[in-house]
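Now for the letters of each chain:
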Amino acid sequence: MYYENNVAGTMNLYSAMTSTAARRSIVFSSSATVYGQPEKTPCVEDSKLSALNPYGTTKLVLENYFRQVQAADPEMRVILLRYFNPIGAHRSGDIGEDPRGIPNNLLPYIQQVAVGRRPELNVYGVDYPTRDGTAIRDYIHVVDLADGHIAALEKLFATPDIGCVAYNLGTGCGTTVLEVVKAFEEASGKKIPIKICPRRPGDCTEVYASTDKAKKELGWSARFGIEDMCRDQWNWAKKNPYGYSANAEQN
Ligand SMILES: O=c1ccn([C@@H]2O[C@H](COP(=O)(O)OP(=O)(O)O[C@H]3O[C@H](CO)[C@@H](O)[C@H](O)[C@H]3O)[C@@H](O)[C@H]2O)c(=O)[nH]1
């Protein structure tokens, strides 16, 4: 079930719902950040939740809010989608991420180094207890993430008594910062100079998804690996080195 050929089918399902049911259904964009520093990986949906930073607190508060609202109104249907680390771009190279100012996230930063907009990548922490000392995340292609939403909507529309349920949207694979750098270098043919820096406050060591629940209950799993994500991100970057702006002055 992939979004390119499935949007029409999903819209038909949506039309089949009564408008009241549709109004009382929601897919909430939550985040793997609600796992805080996980006690165990892969993270399963019923793991203990906590927040390591203010962003994580906003997601936890809103997840709790939706659980309470749904408990008070059992006819509501709620799916909490916990995104892991979305990266990549549409394969056309025409739609991609274009953060304002200095990027906070890894891939947009690497991409700006690759196109010559920044001299080097700051690597935040090489003393984590991982295979190369850098932190581990579960990177997921944005197109897989989009497909996950279609699967969630279909589940929501087809299950009146769903209540409030959380699903991980991740690949189940953990990748270190240095492994991402290497994958991007291979995809782009560009050297990414790095500067070793202290850990960034609020970062956890390792987080990656258990994918079993989404696979079993939504019929969804990620199709793309880190090489595909870097290839598509690079395609976007080389076609649009200044994002949606035409030139360097606006950046
Ligand atoms: O310039 C950079 C940027 C990031 N990192 C490291 O790269 C990893 C990934 O960082 P980043 O891309 O900023 O993602 P996260 O901090 O893991 O957060 C992302 O993933 C979360 C889910 O886990 C989401 O909730 C957030 O919205 C999303 O930004 C971390 O170890 C960072 O320390 C660097 O070394 N240098």
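As shown above, the structure is provided for reference.
Residues numbered from 1 in each chain as written. Predicted model: local features only at pLDDT ≥ 70, side-chain atom pairs only at ≥ 80, totals over all residues. Heavy atoms only, no water.

Peer 1: Quick question: what am I supposed to make of the overall build of the protein chain here?
Peer 2: Regarding its fold elements, the protein chain presents eight helices and nine strands. For the protein chain, whose C-alpha radius of gyration is 19 Å, the value lies close to the compact-globule estimate of 18 Å for 251 residues. Of all 251 residues assigned to the protein chain, the portion counted as buried reaches 47%. For the protein chain, contacts bridging at least 24 residues in sequence account for 81% of all contacts bridging at least 6. (Helix = DSSP H or I, 4+ residues; strand = E, 2+ residues; numbered from the N terminus. Rg over C-alpha atoms; globule rule 2.2 N^0.38 Å. Buried < 20%, exposed > 50% of the residue type's maximum accessible area, 1.4 Å probe, protein only. Contact = heavy atoms within 4.5 Å.)

Peer 1: Mind showing me how you'd approach the pattern of salt bridges here?
Peer 2: Two side chains bearing opposite charge may form a pair once their charged atoms approach each other closely. Scanning the entire structure with this criterion turns up 14 salt bridges. The salt bridge involving Asp94 is made with Lys239; its shortest N-O contact spans 3.2 Å. A residue pair is termed long-range when its members are at least 10 positions apart, and Asp94 in the loop between β3 (85–87) and α4 (106–114) and Lys239 in helix α8 (residues 226–239) qualify at 145 residues. The class of Asp94 is partly exposed, set by a relative accessible area of 48%. (Salt bridge = Lys/Arg side-chain N within 4 Å of Asp/Glu carboxyl O.)

Peer 1: Explanation requested: the nonpolar core in the structure shown.
Peer 2: In summary, soluble globular proteins display a tendency toward joint burial of nonpolar side chains. Among the nonpolar cores identified, the biggest contains 21 residues, and Leu106, Ile110, Leu121, Tyr139, Phe184, Ile192 and Ile226 are the most heavily contacted of them. Counting residues per element, this core draws most heavily on α4, which supplies six residues. Residues contacting Ile226, with those up to four places away along its chain left out, are Ile87, Tyr139, Val180 and Ala183. In this structure, Tyr83, Ala152, Leu156 and Leu218 belong to the second largest nonpolar core, which totals 16 residues. (Core = buried A, V, L, I, M, F, W, Y, C linked by side-chain atoms within 4.5 Å.)

Peer 1: Whenever I open this one, the packing of α4 against helix α6 (residues 177–188) confuses me. Can you help?
Peer 2: Between two packed helices, what matters for the description is the angle formed by their axes and the separation of those axes. Taken N-terminus to C-terminus, the directions of α4 and α6 make an angle of 40 degrees; their axes are 11 Å apart at the nearest point. Overall, the two elements α4 and α6 adopt an arrangement that is oblique. Crossing geometry of α4 relative to α6 is assigned as right-handed. Residues Leu106, Leu107, Ile110, Gln111 and Ala114 of α4 touch α6, and the partners they reach there are Val177, Val180, Val181 and Phe184. Residues of the contact of α4 with α6, tallied by class, amount to eight nonpolar, one polar and no charged. (Axes fitted to C-alpha atoms, helices over the stretch in contact; angles between N-to-C directions. Parallel < 35°, antiparallel > 145°, perpendicular 65-115°, else oblique. Left-handed = near helix turned anticlockwise from the far one by under 90°. Nonpolar A, V, L, I, M, F, W, Y, C, P; charged D, E, K, R; others polar.)

Peer 1: How should I be thinking about the sheet that holds strand β2 (residues 77–83) in this particular structure?
Peer 2: Note on sheets: strands pair through backbone hydrogen bonds, and any given pair is parallel or antiparallel. Reading across the sheet, the three strands line up as β1-β2-β7 and stay open at both edges, with parallel pairing between neighbours. Strands with a single pairing partner mark the edges of an open sheet, and in this sheet they are β1 (25–31) and β7 (164–169). The average undirected angle you get between the axes of adjacent strands in this sheet is 20 degrees. Note: β2 against β7, six bridges, orientation parallel. Bridge pairing links Val78 to Cys164 in β7. The strands touched by helix α3 (residues 54–72) are β1, β2 and β7; relative to β1, the strand with the most contacts, the crossing angle is about 155 degrees. (Pairing = 2+ DSSP bridges.)

Peer 1: Looking at this model, I keep getting lost on the site of the ligand. Mind explaining?
Peer 2: Within the structure, the ligand sits among 21 residues, and Ser31, Asn105, Asn122, Arg137 and Asp203 are positioned closest to it. Protein coverage of the free-state accessible area of the ligand, which is 690 Å², stands at 87%. With four residues, strand β4 (residues 121–124) is the single largest residue contributor to the shell around the ligand. Its residues placed into classes, the shell around the ligand shows twelve nonpolar, six polar and three charged. (Near = heavy atom within 4 Å. Areas by Shrake-Rupley, 256 points an atom, 1.4 Å probe, with all protein chains shown as cover.)

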